[in-house]
Structures are given as C-alpha cells and as structure tokens.
Amino acid sequence: MTSVADNTSGLRVGLKLAPQNTTVDHLRRVWKLADQAGFDSVWNFDHFAAIHGDPEGDVFEGWTLLAAMAESTQRVRIGCMVTGVTYRHPAVLAKMAVTVDHLSGGRLEFGLGAAWAEIEHTMLGIDLGSVKGRLDRFEEACQVIRSLWTEPTTTFHGEHYHLTDALANPKPVQQPGPPLWIGGSGRRRTLKIVARYADAWNAAGGSVEEIADLSGVLDRHCHDVGRDPAQIRRTVQIRADEGTDHLLKQAEAFAGVGIGEVIVVVRGDDAVARAEQVAEILPKLRSVG
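Keep in mind that this is a model prediction, so the values were computed, not measured.

Draft legend 1. Geometry of the overall build of the chain. Counting its secondary structure elements, the chain contains 10 helices and 11 strands. Over its C-alpha trace the chain gives a radius of gyration of 18 Å, about what one expects of a compact globule, namely 19 Å for 289 residues. Projected onto its principal axes, the C-alpha coordinates of the chain cover approximately 50 × 40 × 35 Å. Every one of the 289 residues in the chain was classed for burial, and the buried ones make up 53%. Considering only contacts within the chain whose residues lie at least 6 apart along the sequence, 74% involve residues at least 24 apart. With an accessible surface of roughly 12,600 Å², the chain has 51% of that area assigned to carbon and sulfur atoms. Distance from the positive charge centre (30 side chains) to the negative charge centre (37 side chains) of the chain: 4 Å.

Listed below in structure tokens is the structure:
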C-alpha cells in the first residue's frame, strides 16, 4: 500500500488498537497500516489490567509500546489515549514523552487523563484517591509537565508534587511541546482543565447530543478563562464494531456538531481486518468533514 500525505482538510481520522487481548504482531500490523494508508494518528491505551471483559486478560504497557510505534512508523502521529496521571510522577512522564517525541521525529500527541480504573490501583497499591484529589493532582501535573518542556529549570511546590531547580534536557522536538490531549467529560472540573491547558479534548464516547452539549460546556469554560474555544480541537472515539456504513453515519453526525477528528477503535480477534476495512473507506470518512 502506498503512503499518503497528511490530511490537510476535512475530517481527521485516527486509528486505535488497545494493547489488550491482542498480540504484538497485530499491534505492529495496525501501526503500519495506519502509517501507510494515510490515517492522521494511531493510538494505544494506558492500563495494567484488562478493562473490557476478563481483567486477567493480557495487557501490554502503553508507553513502552509508544517507543516501538515511533520506530515502526514514518509519518503518522502517535499517542496514548490516554495516560493515567496516577501511574507515574509527572517529571518521569515528561521525560518519557520527550524521548518518544525524539524517537518519532516530533510526531507525538500527548494524551493525559486523571485515571479511573480502581482494580489497577488496588492490586498495585497505587493511591487512587478521591475524584477531587485526582483532579487536583492532574491539574498540577499539567503545569509541571509544561514547565519541564519549556523552562531551563522547574521549581514547583504544589499539594501533590514538589520540584526544586529540576533539569529536563533535552527539550521536545515540538515546541512548546507535543500537543496535549485531555480525555474526560466532567463538566465542572475536567472540562475547565481542558480549557486552561489542552490543545485537544477527547471524549471516549457518548451520543452525538451528549458530545455536542459537552462541547458547549467547554466553550463556556474557555470564555471564563479567557481562551478562544477554537484553539481546542474537539475529538471523539468511535467503534468499528457495526460495519463501515454505521461508522460513516457516526462520523458524519459527529462532524455535524463540530467534531474535527474521530479516533476509530478496533478490537477483538479480527481487529486487523476491521482496521483494513476502515482504511478502505478513509476517503469517505474524510469527506464527511
């Protein structure tokens, strides 16, 4: 399959195979398909136990895979949808992201979320905390990571993180850093954090009406913090489980309420075949935007 230049108009389309109940071979095949077929981005996820079906299912670690994705692809942008902030100190995560950004030649999209999977925190002894505590920690992490990417040294003394004259070299290939995608749909706090810090907002799913309503909430938060809402890309994950006709209808409906990018999720034993089907209709998906 020949390589296609990056999309410059219409709906942007990403492809996601979560590293759960799959194989390294299937992951590599989907990454290379996304690269060669002209998808705008390709994604994995960040979990330590299976989140669909049997929690004892196989799961590969997301950021290690991102380094492999960087080396296995040439043009497609890569990312983890989304990294759980509770699993790694933000300074460590910032360094990991810079490393992947360099490995990929500046193709990293940096997905971040407050984390939610209780089973992982319980079994690993990681403090999940209250919803408020996680969001406080999440907002501090956004500040710490951005500073480490852009400033010569970082001193930060928050409630959860403390850094003193912290060095973080080299800086990312992309400046002021890889685009920050924040995943979540909390109306009062999460979307306000999106308004303050994010380059893209991602909804993990929901009806067209729900996503349109949440996008309106984000607009209001942007106005409250003095930011142009147009600076934040609106994105949503959609499933490829019900065939390509249904997928096209979903994409068209979401584009109609201002979504500029869809991430098509493939999974199961036939994930590679589903990804190939999505690749075949990629021009049609683009045209709905």
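Continuing now.
Draft legend 2. How the structure looks around the environment of A198. Summarising the element assignment, A198 is placed in the loop between α6 (190-197) and β9 (200-203). Accessibility expressed as a relative area gives 0% for A198, which makes it buried. Separated by 53 residues in sequence, A198 and A251 place their C-alpha atoms 23 Å apart. Other than its neighbours up to four places away in sequence, A198 contacts L180, I182, I193, R227 and I232.

Draft legend 3. Quick look at the environment of D219. Residue position: D219 is located in helix α7 (residues 208-225). Taking the relative accessible area as the measure of exposure, D219 reaches 25% and is therefore partly exposed. Between the C-alpha atom of D219 and that of A230, which follows or precedes it by 11 residues, the distance is 8.6 Å. Each residue touching D219, except ones within four places of it in the same chain, is listed here: P229 and R234.

Draft legend 4. Looking closely at the packing of helix α1 (residues 24-37) against helix α9 (residues 271-280). The N-to-C vectors of α1 and α9 enclose an angle of 5 degrees; their axes lie 10 Å apart at closest approach. Taken as axis vectors, α1 and α9 run roughly parallel relative to one another. Packed against α1, whose contacting residues are H26, R29, V30, L33 and A37, the element α9 presents V272, A275, E276 and A279 at the interface. Class assignment of the residues belonging to the contact of α1 with α9 gives a composition of six nonpolar, one polar and two charged.

Draft legend 5. Seen up close, helix α5 (residues 131-150). Given a rise of 1.5 Å per residue, 20 residues ought to cover 28 Å, and the 29 Å separating the end C-alpha atoms of α5 matches this to within 8%. Counting buried positions along α5 yields 15 of 20 residues, so the element is predominantly enclosed.

Draft legend 6. Here's a closer look at a nonpolar patch on the surface. On the surface, a cluster of nonpolar side chains totalling about 350 Å² of accessible area is made up of F48, I119, M123 and L124. Its location among the elements puts L124 in helix α4 (residues 118-124). By relative accessible area, which is 45% here, L124 ends up partly exposed.

Draft legend 7. The pairing of strand β11 (residues 261-266), seen in detail. Counting buried residues along β11, six of its six residues qualify, which places the element largely inside the surrounding structure. Side-chain alternation along β11 places E261, I263 and V265 on one buried face and V262, V264 and V266 on a second face that is also buried. When strand β1 (residues 12-17) meets β11, the two strands line up parallel, connected through six bridges. Residue pairing across strands places L15 opposite V264, the latter belonging to β11. Pairing analysis gives five bridges linking strand β10 (residues 233-239) to β11, with the strands arranged parallel. Note on β11: the bridge partner recorded for I238 is V264. Following the chain from β10 across helix α8 (residues 244-255) to the adjacent parallel β11, one finds a crossover that is right-handed.

Draft legend 8. Spotlight on helix α3 (residues 90-103). Between its terminal C-alpha atoms α3 stretches 20 Å, which fits the 20 Å expected from 14 residues at 1.5 Å a residue. Listed as buried for α3 are P90, L93, A94, A97, V98, V100 and D101. Along the axis of α3, the buried residues cluster in a sector spanning 165 degrees; they form a single face. Contacts from the buried residues of α3 go to α2 (62-72), β3 (77-80), β4 (83-84), β5 (108-113) and α5.

Draft legend 9. Seen up close, the state of the cysteines. Inspection of every chain in the model, using the stated rule, returns zero disulfides. Here C142 is not disulfide-linked; the sulfur of C222 is the nearest cysteine sulfur, at 14 Å.

Draft legend 10. Representation of the UniProt feature "domain: Luciferase-like" (unreviewed entry) in the chain in the model. On the UniProt side, "domain: Luciferase-like" (unreviewed entry) is annotated at positions that read residues 21-239 here. For the annotated span residues 21-239, helix accounts for 42% and strand for 19% of the residues, and the straight-line distance between the end C-alpha atoms is 17 Å.

About the thresholds
Residues numbered from 1 in each chain as written. Predicted model: local features only at pLDDT ≥ 70, side-chain atom pairs only at ≥ 80, totals over all residues. Heavy atoms only, no water. Helix = DSSP H or I, 4+ residues; strand = E, 2+ residues; numbered from the N terminus. Rg over C-alpha atoms; globule rule 2.2 N^0.38 Å. Buried < 20%, exposed > 50% of the residue type's maximum accessible area, 1.4 Å probe, protein only. Contact = heavy atoms within 4.5 Å. Areas by Shrake-Rupley, 256 points an atom, 1.4 Å probe, with all protein chains shown as cover. Lys, Arg positive; Asp, Glu negative; His and termini not counted. Charge placed at Lys NZ, Arg CZ, Asp CG, Glu CD. Axes fitted to C-alpha atoms, helices over the stretch in contact; angles between N-to-C directions. Parallel < 35°, antiparallel > 145°, perpendicular 65-115°, else oblique. Nonpolar A, V, L, I, M, F, W, Y, C, P; charged D, E, K, R; others polar. Expected span 1.5 Å × (residues − 1). Patch = residues over 30% accessible without salt bridge, like charges linked within 9 Å, V, L, I, M, F, W, Y side chains within 5 Å. Salt bridge = Lys/Arg side-chain N within 4 Å of Asp/Glu carboxyl O. Pairing = 2+ DSSP bridges. Right-handed = clockwise from strand over helix to strand, strands pointing away. Arc of directions from axis to C-beta. Disulfide = S-S within 2.5 Å. UniProt positions renumbered as here; feature names shortened; annotations may be inferred.

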